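# Structure at a glance
Take a look at the letters that make up each chain.
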Amino acid sequence: MSYTFEILTDSSCDLTYELAERIGIRSVPLMVNVDGRDVVNLLDGDPAANLDMKAFFDQLRKAVPTSTTAANPAKWAAAMEPILASGQDLLVLAFSSGLSATYSSAVLAAEELAEKYPERKIQVIDTLCASLGQGMLVYMAAQKRLEGQSFDEVARWTEENKLHQCHWFTVDDLAFLKRGGRISAATAIAGTLLKIKPVMHMDDAGKLINMAKARGRKASIEALADKVGETAINPQEQVMFICHGDCMEDAQYLKKLVMERYHPKDVIIGYVGPVIASHSGPGTLAMFFLGEKR
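Residues numbered from 1 in each chain as written. Predicted model: local features only at pLDDT ≥ 70, side-chain atom pairs only at ≥ 80, totals over all residues. Heavy atoms only, no water.

### Focus on the packing of helix α3 (residues 73-85) against helix α4 (residues 102-116)
Between α3 and α4, whose axes approach to 8 Å, the crossing angle comes to 45°. By the angle between their axes, α3 is oblique relative to α4. At the point where α3 passes α4, the crossing takes the right-handed sense. Residues P73, W76, A77, M80, E81 and L84 of α3 pack against T102, S105, A106, L108, A109, A110, L113 and K116 of α4. (Axes fitted to C-alpha atoms, helices over the stretch in contact; angles between N-to-C directions. Helix = DSSP H or I, 4+ residues; strand = E, 2+ residues; numbered from the N terminus. Parallel < 35°, antiparallel > 145°, perpendicular 65-115°, else oblique. Left-handed = near helix turned anticlockwise from the far one by under 90°. Contact = heavy atoms within 4.5 Å.)

Structure (structure tokens):
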């Protein structure tokens, strides 16, 4: 299908390759280093991908060292220029500036290309979102485009609604949060002994913060479902998203709770990608929906 403008994002959106293709979204890959080997972080299911998600999580469980690298201006420019050269305008929805330099790199590339293609519209939006929270915002922007909304209308809707994009998540292994400096070693040890699971969210600055604690895994999953009831806007009209760190049964249980309680149109489940998983670990589980506030 042809569109009047293109929407470009990056691979930290964690959409599947199949879904991105279906809604007409292009993606710039980030990089992940796994045990000293650089791997291009393509979308899950991309035929060109050489990173199997399940194998990646198995490596995390074995404490194989990982690190991630933002998309640089050159990568953004390489993806942007063919679109602009073809005569189309470009809306870019980038990974949260609170977690990555990916957004600032996209801005630099856009500024350079704006001089070369002054007749084209280029707008870069800091989604202040991550993983399938970013993916859900991109998905909704694509739906607005499919409905026939203009470049300016979709850009305005995205800016106005990005801070209504709720991210609530929990983790199973506190060691990863300790390693990233988000909790102290003492807190990690005590939490592990007492089976305390953090309930965290993405704040308005696009950063991950700890909000509450739950005793045990089941309670933490139910806490995520509770958050939908507390703030969701017209949940029965939404398509919501869940991502998981190789814990599909937990994701299915969370989906069941949400479907039974709030009756959304659908709940789409996918993997949390290596960018976030490198810091949150296997067993990460997150719920994404539109709410009155984050």
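Now that the structure is up, let's keep going.
### Describing unusual backbone geometry
Of note, S131 is a non-glycine position whose phi angle comes to about 50°, a positive value. Along the chain, S131 turns up in helix α5 (residues 131-146). Overall, S131 belongs to the buried group, its relative accessible area being 4%. Within the chain, H263 stands out as a residue other than glycine whose phi angle is a positive 55°. Here H263 is to be found in the loop between α10 (248-262) and β12 (266-271). (Buried < 20%, exposed > 50% of the residue type's maximum accessible area, 1.4 Å probe, protein only.)

### A closer look at the side chain of T9
Of note, T9 is situated in strand β1 (residues 5-10). Of the polar contacts made by the side chain of T9, one reaches the side chain of Q134; its length is 2.9 Å. (Polar contact = N/O pair within 3.5 Å; in protein donor to acceptor, adjacent residues only side chain to side chain.)

### Notes on empty space enclosed by the protein
Where empty space is left can be seen by rolling a probe of water-molecule size over the atoms. With the rule as written, the count across this model stands at 1 cavity of 30 Å³ or more. Reported here for the largest cavity is a volume of approximately 100 Å³. Around the largest cavity sit A130, S131, H167, F169, M202, L208, C243, V272, I276, T284, A286 and F288, which together line it. When residues of the lining of the largest cavity are traced back to their parent elements, those giving at least two are β8 (165-170) and β13 (285-290). Split into classes, the residues belonging to the lining of the largest cavity amount to 9 nonpolar, 3 polar and no charged. (1 Å grid on protein atoms, 1.4 Å probe; cavity = no way out; pocket = protein on both sides within 12 Å on 5 of 7 lines; lining within 4 Å. Points joined across faces, edges and corners; volume = space filled by probe spheres on them. Nonpolar A, V, L, I, M, F, W, Y, C, P; charged D, E, K, R; others polar.)

### Observations concerning helix α2 (residues 53-61)
Of all the positions in α2, only M53, F56, F57 and L60 are classed as buried. Projected down its long axis, α2 carries its buried residues within an arc of 95°, all on one side. Following α2 by one or two positions, A63 has its phi on the positive side, about 65°. (Arc of directions from axis to C-beta.)

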